[in-house]
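Residue strings, one per chain:
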Amino acid sequence: MPREIAILDALVPTLLLAFMVSVILSWAMDWLFSSIELYQYVWYRSLFRFATFICMFSLLGLLIY
Amino acid sequence: MNLGQFRVSRTLSILKLAQRDWLREDAPTMIYIIKVLIACLIAMWVSLRFELDQPRTAMMTVAIVMQSRTGMVFAKSYYRLVGSIIGIIVSFVLVAMFAQERVLFLASMAIWIGLCTAGSMMFRNHQSYAFVLAGYTICIVGLPATIYPELTFSIGVTRISEIIIGLISASLISDLIFPQRIGEVMTAKIRRRFSDFLDMLHVMSIDNIGNTSSQSAALRIVSDVFELETFRASSGLENDASRTYRLRLSMLNAEFMAVSTSFHTLEQLLRRQNVTGHPEIVKALFNLYQLLKNVIDFDNRSVRDEIEARQLADELKYFRASLQEKIDLIRKDLPNNLVGNEQLDFEVGVELFKRFVDEFYVYTSTYASLGSKAAIASKDSIAEHPPQLGIHFDSLAVTLAGIRGALSLIAMACIWIFADWRSGVEAITIGIITSTLFASSPNPRKTVNQFIIGALLGSLLLYICNFQMLPQAHGFLMLSLAVTPAIVIAAWLTTRPAYATIGSGVFIIFLMHIGFNSAYNANPITFMNDVIADFLAIATSGILYALIDLTTSQWSRVRISKKLRELVVLACIQDLPQHPSILETRARDLVQRLNGGHRVASSQDKEMVDWLLSTLEIGRAVIELRDQVTEVGDNETKIRIAECLDQIAKLYTSPSIQNQMAAIESINLAATALDNVMVFSRLPQFIHHRLLTMLHFIRCALLDKDSVLSLHNQSKELKKESANAS
């Protein structure tokens, strides 16, 4: 994968896009989890969210590099 | 138990008490300070790591958005981001257009700042903050960009990166470390408000009617309503149970406004009756009220939580069902020799009481439903959306605020240009922060004074940090140690409501001039110049706040009372259907802007509250009257009542004793017309009854000698006479 992508001729780091994608993914996951009430099995909700976000972002980052 | 053991247990219990106090009072403050510190340091570390120009921008962002409640941090971060992006775009445009022409550049910037200040006056809370930041961002991006126009884009991108770093670290820290959920605070607030309200109902009795204590309660209610609305809006961004019942909360807010107005109307009526009415009627009405008091009494105390509120709601339901019988009983006991008007006095009281009980029941049951899990699980089944708390403002005041913001920029720019002064950029930046940030505060002059104290303290800390500690700091750890004391002090100050502005002053001044960017670059001469520039700028905006005083002056009060009267006029002439809660929110919003949630300070504040209550009283009565009139088929009655409404509108457009008399006269005419046998036979009985009571109610309110309207008219008359005499 290229490390920088040109969007409208501005070079944007691919990592930034990965960040955006993982933010959107974690929002979607958050919505899904709270709608099926999965969060009642989670001890520390915000830590859980943060951790899953980090996992997603790192995974995408590893795919790029 | 021997003496030694006793002593030990006593000491232990004292320690336990102390520990509980500490956990309740000090621990949250400590946690908050630690959170601010960690977020600041993370922001600083990340910015340094990414080799951004100004780690201080990231730190400043943290300081700005950090709040003790997680949801508030999210909300503020969101608006900070929006405001900054808009500000950066505008500064790109301005630089592209006027990079070579500083006068034009500064002039267009002044216009932008004016717009932003006006915007921050128009909106509430976080939205208002977005405007402040849109103005402030143009300084931190646009001004450096004029000096190096070729770097504009990269400056803009770097600033926004720093801001985002600050926002992310603030949000993460406040969400991960001991998050303080808004839902809990909100529940506590709602609970307290409910019990406060019950206490207020409890206190009212025949002996102390007409005291002014209820006015401060009324003012507190006004600010409570808006505070809760802010919480409610912020809780949407927070992810916990409170999100599921947001709609219910706005419902509760609207109902609370309605019921508190009804209560004050009832109170006013009882006060008037107590002064002028027939003693038997006063006694009868208070007996009626006593019945309600018995219902809300829970073993001689008020209701504590939602479960008890559920019981209370059930009891109120029974009470409502049997109310008519009780009223009939009391009516029977009334002496026979009452004249028509006195009879009407009683009927008006009964009508109001019924309305109050109805609204109180609705409010109580909504409140009780917050507590039950079943109601929350069923999500919001409320079909009807509660009316939104819209935005209502005095357009002249907003315009003047905009002009004030623009003027302070122009003043600083003139000094910069004519004195050829190197710290002009600093002066403009601080000038803009102070002139936009405090525009919506209830007493900007006082706020600026506090800010100056904060700036002094900040400069002192800055000097110590920049020239004593930073030169000796090596590595990130030492750097963190050097900046920690100032951040802790500022964060601690912001937790104290009385010193919050001082704290923000320390934060802003300290972080603006902190002596490192990517490397150490403090210089005593620049430092002194910048500090002088800061004080000059703060003083300038302080002077401008004093010159164009929109909140504390008599002028603004007169304007607000006029606006309130216009609301009554609108209620008289605007097309139906009108919702009383729209009137409520408008009137309350106007007064809240003036007061900003502070306690009743002066007699003028009291006057404002009187105007508010009288507006709500008459406005609601007028709307109800008009609603009834639409049901009437009879033309003569319609014409009579339209005449009344015209007169009331006239009275509220230009209040004077003549107009007051004319309005009362027209109401009298309408009432006699209604009494006519011919009319009586043409109308359904309950409509006839309601029309008559509404008219009588308005008449009583207008006749009241102690009402704010009458006092206003009298003082006007006196002024006219003395002018004629001289």
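Basis of the calculations
Residues numbered from 1 in each chain as written. Chains lettered and ligands numbered in written order. Predicted model: local features only at pLDDT ≥ 70, side-chain atom pairs only at ≥ 80, totals over all residues. Heavy atoms only, no water. Helix = DSSP H or I, 4+ residues; strand = E, 2+ residues; numbered from the N terminus. Buried < 20%, exposed > 50% of the residue type's maximum accessible area, 1.4 Å probe, protein only. Contact = heavy atoms within 4.5 Å. Areas by Shrake-Rupley, 256 points an atom, 1.4 Å probe, with all protein chains shown as cover. Buried area = accessible area lost by both parts, 1.4 Å probe. Salt bridge = Lys/Arg side-chain N within 4 Å of Asp/Glu carboxyl O. Patch = residues over 30% accessible without salt bridge, like charges linked within 9 Å, V, L, I, M, F, W, Y side chains within 5 Å. Core = buried A, V, L, I, M, F, W, Y, C linked by side-chain atoms within 4.5 Å. Lys, Arg positive; Asp, Glu negative; His and termini not counted. Pairing = 2+ DSSP bridges. pLDDT = per-residue confidence, 0-100. Axes fitted to C-alpha atoms, helices over the stretch in contact; angles between N-to-C directions. Parallel < 35°, antiparallel > 145°, perpendicular 65-115°, else oblique. Nonpolar A, V, L, I, M, F, W, Y, C, P; charged D, E, K, R; others polar. Expected span 1.5 Å × (residues − 1). Disulfide = S-S within 2.5 Å. Phe/Tyr/Trp six-rings, centres within 6.5 Å; stacked < 30°, edge-to-face > 60°. Left-handed = near helix turned anticlockwise from the far one by under 90°.

**Some details on the overall build of chain B**
Next, step 1: Secondary structure assignment for chain B yields 28 helices and 0 strands.
Next, step 2: The buried share among the 726 residues of chain B stands at 55%.
Next, step 3: Within chain B, residue pairs in contact and separated by at least 24 positions form 81% of the contacts whose partners lie at least 6 positions apart.
Next, step 4: Here chain B has roughly 32,400 Å² of accessible surface; of this, 61% comes from carbon and sulfur atoms.

**A word on the overall build of chain A**
Next, step 1: Per the secondary structure count, chain A includes 2 helices and 2 strands.
Next, step 2: Reading chain A from its N end, one meets helices and strands in the order β-β-α-α.
Next, step 3: Counting across all 65 residues of chain A, residues that qualify as buried make up 26%.
Next, step 4: A separation threshold of at least 6 residues defines the contact pool for chain A, and within that pool the share at least 24 residues apart is 50%.
Next, step 5: As displayed, chain A offers around 4,900 Å² of accessible surface, 75% of which is attributable to carbon and sulfur atoms.

**Looking at the interface of chain A and chain B**
Next, step 1: Contacts between chain A and chain B engage 9 residues on the former and 11 residues on the latter.
Next, step 2: A buried area of about 740 Å², summed over both sides, lies between chain A and chain B, and 50% of it is on carbon and sulfur atoms.
Next, step 3: It is A:Tyr44, A:Ser46 and A:Phe50 that lose the most area in chain A upon contact with chain B, and together they represent 48% of the buried surface on that side.
Next, step 4: At the junction of chain A with chain B, the criterion picks out 1 salt bridge.
Next, step 5: Put simply, B:Asp175 and A:Arg49 hold a salt bridge, and the shortest N to O gap is 3.6 Å.

**Section: a nonpolar patch on the surface**
Next, step 1: Judged by side-chain polarity, B:Trp22, B:Leu23, B:Met30, B:Ile34, B:Ile38 and B:Ile42 come together as a nonpolar surface patch covering roughly 540 Å² of accessible area.
Next, step 2: Its location among the elements puts B:Leu23 in helix H1 (residues 3–49).

**A few points about the nonpolar core**
All names here are of chain B.
Next, step 1: Ranked by size, the top nonpolar core spans 104 residues in total, and within it Leu 106, Met 109, Leu 143 and Ile 428 carry the most contacts.
Next, step 2: By residue number, the principal contributor to this core is helix H5 (residues 125–147), which donates 11 residues.
Next, step 3: Each residue touching Leu 143, except ones within four places of it in the same chain, is listed here: Phe 105, Leu 106, Met 109, Ile 138, Trp 416, Val 425, Ile 428 and Thr 429.
Next, step 4: With 95 residues, the next largest nonpolar core counts Phe 197, Leu 288, Leu 292 and Leu 691 among its residues.

**Focus on the side chain of B:Asp530**
Residue and element names in this part refer to chain B.
Next, step 1: With respect to the helices and strands, the residue Asp 530 is situated in helix H20 (residues 524–547).
Next, step 2: Although Asp 530 lies buried, it forms no salt bridge, and the closest oppositely charged side chain, Arg 56, sits 7.6 Å away as judged by the N-O distance.
Next, step 3: Among residues more than four places away in sequence, those in contact with Asp 530 are Ser 423, Glu 426 and His 513.

**Let's talk about the pairing of strand E1 (residues 4–7) of chain A**
All names here are of chain A.
Next, step 1: Bridge analysis of E1 against strand E2 (residues 10–13) gives 4 bridges, and the strand direction is antiparallel. Paired with Glu 4 across the two strands is Pro 13, which belongs to E2.
Next, step 2: If you look at the hairpin formed by E1 and E2, you'll find 2 residues sitting between the two strands, and Leu 8 has a positive phi there, around 50 degrees.

**Points about the environment of B:Ala401**
Residue and element names in this part refer to chain B.
Next, step 1: The topology assignment puts Ala 401 in helix H15 (residues 395–419).
Next, step 2: When the C-alpha atoms of Ala 401 and Ala 118 are compared, they prove to be 5.7 Å apart, with 283 residues separating the residues in sequence.
Next, step 3: Contacts of Ala 401, omitting those with residues within four sequence positions, involve Thr 117, Met 121 and Leu 550.

**Here we look at the confidence of the model for chain B**
Next, step 1: Counting all residues, the mean pLDDT for chain B is 78, and 84% of those residues have values of 70 or more.
Next, step 2: Note that pLDDT drops below 50 for residues 374–383 of chain B; the model gives that stretch 15 contacts with residues more than four away or on any other chain.

**A short note on unusual backbone geometry**
Apart from glycine, the bulk of residues carry a negative phi angle, and the bulk of peptide bonds sit in the trans form.
Residues and elements named next belong to chain B.
Next, step 1: Located in the positive-phi region is Glu 51, a residue other than glycine, with phi close to 55 degrees.
Next, step 2: Tracing the chain through its elements places Glu 51 in the loop between H1 and helix H2 (55–65).
Next, step 3: Of note in this structure, Asp 420 is not a glycine but carries a positive phi near 50 degrees.
Next, step 4: Turning to its location among the elements, Asp 420 is positioned in the loop between H15 and helix H16 (424–437).
Next, step 5: By relative accessible area, which is 64% here, Asp 420 ends up exposed.

**Notes on the packing of helix H17 (residues 444–469) of chain B against H20(B)**
Residues and elements named next belong to chain B.
Next, step 1: Contact pair H17 / H20: the axes reach a minimum separation of 9 Å and the direction vectors enclose 175 degrees. In terms of axis orientation, H17 runs roughly antiparallel to H20. In this structure, H17 uses Pro 444, Arg 445, Val 448, Phe 451, Ile 452, Ala 455, Leu 456, Ser 459, Leu 462, Tyr 463, Asn 466 and Phe 467 to contact H20, whose residues at the interface are Pro 524, Phe 527, Val 531, Phe 535, Ile 538, Gly 542, Tyr 545 and Ala 546.
Next, step 2: Here the residues of the contact of H17 with H20 are counted per class, giving 16 nonpolar, 3 polar and 1 charged.

**Some words on helix H25 (residues 657–675) of chain B**
Next, step 1: With 19 residues, H25(B) extends 27 Å between its outermost C-alpha atoms, agreeing within 8% with the 27 Å of an ideal straight helix rising 1.5 Å per residue.
Next, step 2: Residues of H25(B) that are buried: B:Asn659, B:Gln660, B:Ala663, B:Ile664, B:Ser666, B:Ile667, B:Ala670, B:Ala671, B:Ala673 and B:Leu674.

**Concerning the state of the cysteines**
All names here are of chain B.
Next, step 1: Scanning the entire structure with this criterion turns up 0 disulfides over all chains.
Next, step 2: Of all cysteine sulfurs in the structure, the one in Cys 139 sits closest to Cys 116, which takes part in no disulfide; the separation is 9.7 Å.
Next, step 3: In this structure Cys 116 comes out as buried when scored by relative accessible area, which is 2%.

**Remarks on the packing of aromatic side chains**
All names here are of chain A.
Next, step 1: Scanning all chains against the criterion turns up 13 aromatic pairs over all chains.
Next, step 2: Between the aromatic rings of Phe 19 and Phe 57, the centroid separation amounts to 5.4 Å while the plane-to-plane angle is 85 degrees, which identifies the pairing as edge-to-face. You can see Phe 19 sitting in helix H1 (residues 14–35) and its partner Phe 57 sitting in helix H2 (residues 45–64), a full 38 residues away along the chain.
Next, step 3: An aromatic cluster of at least three residues, connected via ring pairs, comprises Phe 19, Phe 53 and Phe 57.

**Focus on the side chain of B:Glu359**
All names here are of chain B.
Next, step 1: Summarising the element assignment, Glu 359 is placed in helix H13 (residues 340–371).
Next, step 2: On the basis of relative accessible area, Glu 359 is assigned to the buried category, the value being 17%.
Next, step 3: Discounting residues that sit within four places of it in the chain, Glu 359 has contacts with Ala 258, Val 259, Ser 262 and Arg 620.

**Observations concerning the packing of H2(B) against helix H6 (residues 152–176) of chain B**
The description of two helices packed together rests on the angle between their axes and the distance between the axes.
All names here are of chain B.
Next, step 1: As a packed pair, H2 and H6 sit with axes 8 Å apart at the nearest point and diverge in direction by 40 degrees. In terms of orientation, H2 lies oblique with respect to H6. Seen along the crossing, H2 lies across H6 with a hand that is right-handed. Contacts from Pro 55, Thr 57, Ala 58, Thr 61, Val 62 and Val 65 of H2 reach H6 at Arg 159, Glu 162, Ile 163, Ile 165, Gly 166, Leu 167, Ser 169 and Ala 170.

**Considering the environment of B:Leu692**
All names here are of chain B.
Next, step 1: Checked against the element boundaries, Leu 692 lands in helix H27 (residues 685–703).
Next, step 2: You can call Leu 692 buried: its relative accessible area is 12%.
Next, step 3: A C-alpha to C-alpha distance of 6.4 Å links Leu 692 and Ala 671, two positions 21 residues apart in sequence.
Next, step 4: Once you skip the residues sitting within four places of it in the chain, Leu 692 turns out to touch Leu 344, Ala 671, Leu 674 and Asp 675.

**Quick look at the pattern of salt bridges**
Next, step 1: Applying the stated criterion across every chain, the model contains 4 salt bridges over all chains.
Next, step 2: Between B:Arg159 and B:Glu162 there is a salt bridge, with its nearest N and O atoms 3.2 Å apart. Taken as a pair, B:Arg159 and B:Glu162 lie in helix H6 at a separation of 3 residues, close to a single helical turn. In terms of burial, B:Arg159 and B:Glu162 fall into one category: buried.
Next, step 3: Where salt bridges share partners, they join A:Asp30, A:Arg49 and B:Asp175 into one cluster.

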